[in-house]
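Breakdown of the fold
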Amino acid sequence: MIRIPALTAAAAVLCLSALPGLANEMERVPPVTHPATQKECGECHMAFQPGLLPAQSWNRIMDGLADHFGDNASLPADAVADIRAYLTANAGRGDGTLLRITEQRWFVHEHRKRHLGNRAKSFADCQACHQDAARGLYEDD
Amino acid sequence: MKRLSSACAAAALLLTAGAALPARADAARDAILTAYAAEAQREDSGFTGFDAARGRALYMGPHTGGKAETPACATCHTPDPTRSGQHQKTGRSIDPMAVSANPARFTNATDVEKRFSRDCPAVLGRACTAREKGDFITYLTGKP
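Residues numbered from 1 in each chain as written. Chains lettered and ligands numbered in written order. Predicted model: local features only at pLDDT ≥ 70, side-chain atom pairs only at ≥ 80, totals over all residues. Heavy atoms only, no water.

Our focus in this paragraph is the pattern of salt bridges. Scanning the entire structure with this criterion turns up 18 salt bridges over all chains. For the salt bridge of D111 of chain B with K39 of chain A, the shortest nitrogen-to-oxygen distance reads 2.8 Å. One end of the pair, D111 of chain B, is in helix α4 (residues 109-124); the other, K39 of chain A, is in helix α2 (residues 35-41), on a second chain. Its relative accessible area of 22% is what places D111 of chain B among the partly exposed residues. Classification of K39 of chain A by relative accessible area gives partly exposed; the value is 37%. (Salt bridge = Lys/Arg side-chain N within 4 Å of Asp/Glu carboxyl O. Helix = DSSP H or I, 4+ residues; strand = E, 2+ residues; numbered from the N terminus. Buried < 20%, exposed > 50% of the residue type's maximum accessible area, 1.4 Å probe, protein only.)

Following this line, the structure appears as structure tokens:
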């Protein structure tokens, strides 16, 4: 009888269970816990979780609120600093040269077979399809 | 007995708070309107007061000069301000503009100014005057 060392077996189980987690690491992100971010960002779109963009992207977004993807989203300087600090301290990974979450490679990959149809006006409306998106839960597709 | 009395105290507190909240909101809205009236007076010495009908016309539009996608306040806030609106681009739900449906409207001066400073250029292509702001709030405060 061939005996599989317990450690190897445990490692194999761990790898197997870790794999889906790695593939879908953006399906569960920590929710927004900063009231100013919730209020100001959440006024025009869902307050996206800081983990959905890298710090460089957040910095560039907070630098350009006067022309925020075509809309004026200006805020007083103290509010900008406050929100910037929260977003960058809790930022995720990704391409810092891309400003839109919807342009990040993982996002494009996850949504490559999805069509908005009549469900949502844009991919920025996460909750149109992901009911618990505001709580950072995106598994329900 | 002690529990009963504290429960009564809590109930009394709730009652007074419930009665005080709309009153405080109304006072805050009145203060915002008073400030806009003073500013409107400075802008135009002939200013005689705000007008709900002018506010309604401003709300309904359509206007030119702003963004093509947003020719009126009603574009996003819908022609019935007692209903929830929807952000033109993102689809985000917007709470009703009419005070009758949303008593928290126009109770925070900073927020009110922020919205006018963003939305007037998007709809009209320019800033709103103090008179326009007051007309707008007057219309939406009186709308049943």
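Moving on, there is more to tell.
Moving on, we come to helix α5 (residues 130-142) of chain B. Residues spaced three or four apart along an α-helix point in a common direction, a consequence of the helix completing one turn every 3.6 residues. For α5 of chain B, built from 13 residues, the straight-helix expectation of 18 Å at 1.5 Å per residue is met to within 8% by its first-to-last C-alpha distance of 18 Å. Turning to α5 of chain B, its buried residues number three or more, namely A130, E132, K133, G134, D135, F136, I137, Y139 and L140 of chain B. (Expected span 1.5 Å × (residues − 1).)

In this section: unusual backbone geometry. Here the bond from G61 of chain B into P62 of chain B is cis, since omega is 0 degrees, no more than 30 degrees from zero. As for its placement among the helices and strands, P62 of chain B is situated in the loop between α2 (52-60) and α3 (73-77). Phi at F69 of chain A takes a positive value of approximately 55 degrees, unusual for a residue other than glycine. With respect to the element layout, F69 of chain A can be found in the loop between α3 (55-63) and α4 (77-89). On the basis of relative accessibility, which here comes to 30%, the residue F69 of chain A falls in the partly exposed class.

Between chain A and chain B, the contact holds 19 residues from the first and 13 residues from the second. Around 1400 Å² of area is buried between chain A and chain B when both sides are counted, 34% of it from carbon and sulfur atoms. Considering only the surface of chain A that becomes buried against chain B, E43, C44 and K121 of chain A emerge as the three largest contributors, covering 38% of it. Seen at the junction of chain A and chain B, the total is 6 salt bridges. Here K67 of chain B ties to D71 of chain A by a salt bridge, and the two come within 2.6 Å at their closest N and O atoms. For the pair chain A and chain B, the interface holds 14 residue pairs in polar contact (both at pLDDT 80 or more). Each residue belonging to the side of chain A that touches chain B can be placed in one class, and the counts come to 6 nonpolar, 7 polar and 6 charged. (Contact = heavy atoms within 4.5 Å. Buried area = accessible area lost by both parts, 1.4 Å probe. Polar contact = N/O pair within 3.5 Å; in protein donor to acceptor, adjacent residues only side chain to side chain. Nonpolar A, V, L, I, M, F, W, Y, C, P; charged D, E, K, R; others polar.)

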